Amino acid sequence: TLILAARTDYDRMTRTASLEAQRAQTQALRANADLTPDPTFGIGLRSDFGGDETALVFSFSMPLSGQFRRSSAEQAGAQARLAEAQRSDLTWRLEQIVATARNTLQQSDVLLSGAIENETVIENALVRLEAGYELGDIRIDELINVRRRLIDASRSTAEQRAARQAAYLELLELTGEATP
């Protein structure tokens, strides 16, 4: 599992994975370039018969590629593909964590809105019940029950505000975005 960390840790992790993928890609390119060995061409002077004759010598060498170079290139290519896959996987997982944090914030907004609406409805009902109590149309136990429900609704609203703030701070930590 991926442990949640600060945004700088995410940046460091993605940068490290990207650099590793680039390194592996460069090694694969080098191994592919080494598939065909470099030919050599030489020019030299040679003296024979105690220095009485001097010869100009040309040489050309074309080595043949073998199984070792092919397998080295294939291995480097596989390592480059693996490093790129690991980088993509890490990027995807980090994007999923951020998407989850965004979703949590959106859900918190919806829940907070519902809690505020519920508290408002109960508060309005309490005002009407208090007026009815003063007129003698409502019993005290009904008024007490509505006050308890209002206290519960207020507590729920406060909890939803705290949950929304926590979701906002988590998203802020992950993305550095200051907008809700």
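What counts, and at which threshold
Residues numbered from 1 in each chain as written. Predicted model: local features only at pLDDT ≥ 70, side-chain atom pairs only at ≥ 80, totals over all residues. Heavy atoms only, no water. Salt bridge = Lys/Arg side-chain N within 4 Å of Asp/Glu carboxyl O. Helix = DSSP H or I, 4+ residues; strand = E, 2+ residues; numbered from the N terminus. Contact = heavy atoms within 4.5 Å. Expected span 1.5 Å × (residues − 1). Core = buried A, V, L, I, M, F, W, Y, C linked by side-chain atoms within 4.5 Å. Buried < 20%, exposed > 50% of the residue type's maximum accessible area, 1.4 Å probe, protein only. Patch = residues over 30% accessible without salt bridge, like charges linked within 9 Å, V, L, I, M, F, W, Y side chains within 5 Å. Areas by Shrake-Rupley, 256 points an atom, 1.4 Å probe, with all protein chains shown as cover.

### Focus on the pattern of salt bridges
For step 1, the next point in the chain: All told, the structure shown has nine salt bridges when counted by the stated rule.
For step 2, the next point in the chain: Glu20 is the salt-bridge partner of Arg23, the closest N and O atoms lying 2.3 Å from each other. You can see Arg23 and its partner Glu20 sitting in helix H1 (residues 7-33), three residues apart, about one turn around the helix.

### Here's the deal with the environment of Leu90
For step 1, the next point in the chain: Locating Leu90 in the fold gives a position in helix H2 (residues 67-135).
For step 2, the next point in the chain: Taking the C-alpha atoms as reference points, Leu90 and Thr14, 76 residues apart in sequence, are found 7.1 Å from one another.
For step 3, the next point in the chain: Ignoring sequence-local partners within four residues, the contact set of Leu90 consists of Met13, Thr14 and Ala17.

### Description of helix H3 (residues 140-175)
For step 1, the next point in the chain: Counted at 1.5 Å a residue, the expected span for H3 with its 36 residues is 52 Å, and the 52 Å between its end C-alpha atoms agrees.
For step 2, the next point in the chain: Once H3 finishes, Gly176 follows within two positions and takes phi at roughly 80°, a positive value.

### Structural notes on the environment of Gln160
For step 1, the next point in the chain: Within the element layout of this structure, Gln160 appears in helix H3.
For step 2, the next point in the chain: For the pair Gln160 and Ala115, spaced 45 residues apart in sequence, the C-alpha to C-alpha distance is 7.3 Å.
For step 3, the next point in the chain: For Gln160, the residues in contact, after removing those within four places along its chain, are Leu111, Leu112 and Ala115.

### Regarding the nonpolar core
For step 1, the next point in the chain: Judged by nonpolar contacts, the single largest core of 13 residues is most densely connected at Tyr10, Leu90, Leu105, Leu171 and Leu174.
For step 2, the next point in the chain: Looking at this core, the element that brings in the most residues is H2, giving six residues.
For step 3, the next point in the chain: Membership of the second largest hydrophobic core comes to eight residues, among which are Ala24, Ala28, Ala73 and Ala76.

### Regarding H2
For step 1, the next point in the chain: Between its terminal C-alpha atoms H2 stretches 101 Å, which fits the 102 Å expected from 69 residues at 1.5 Å a residue.
For step 2, the next point in the chain: Immediately downstream of H2, the backbone of Gly136 shows phi near 90°, a positive value.

### Let's talk about a nonpolar patch on the surface
For step 1, the next point in the chain: Together, Phe41, Ile43, Leu45, Leu56, Phe58, Phe60 and Met62 make up a nonpolar patch on the protein surface, roughly 870 Å² of accessible area in all.
For step 2, the next point in the chain: Counting residues per element, the ones that place at least two in the nonpolar patch are strand E1 (40-48) and strand E2 (53-61).
For step 3, the next point in the chain: Checked against the element boundaries, Phe41 lands in strand E1.
For step 4, the next point in the chain: Taking the relative accessible area as the measure of exposure, Phe41 reaches 59% and is therefore exposed.

Fair warning: the whole summary comes from geometry, so function is off the table for now.
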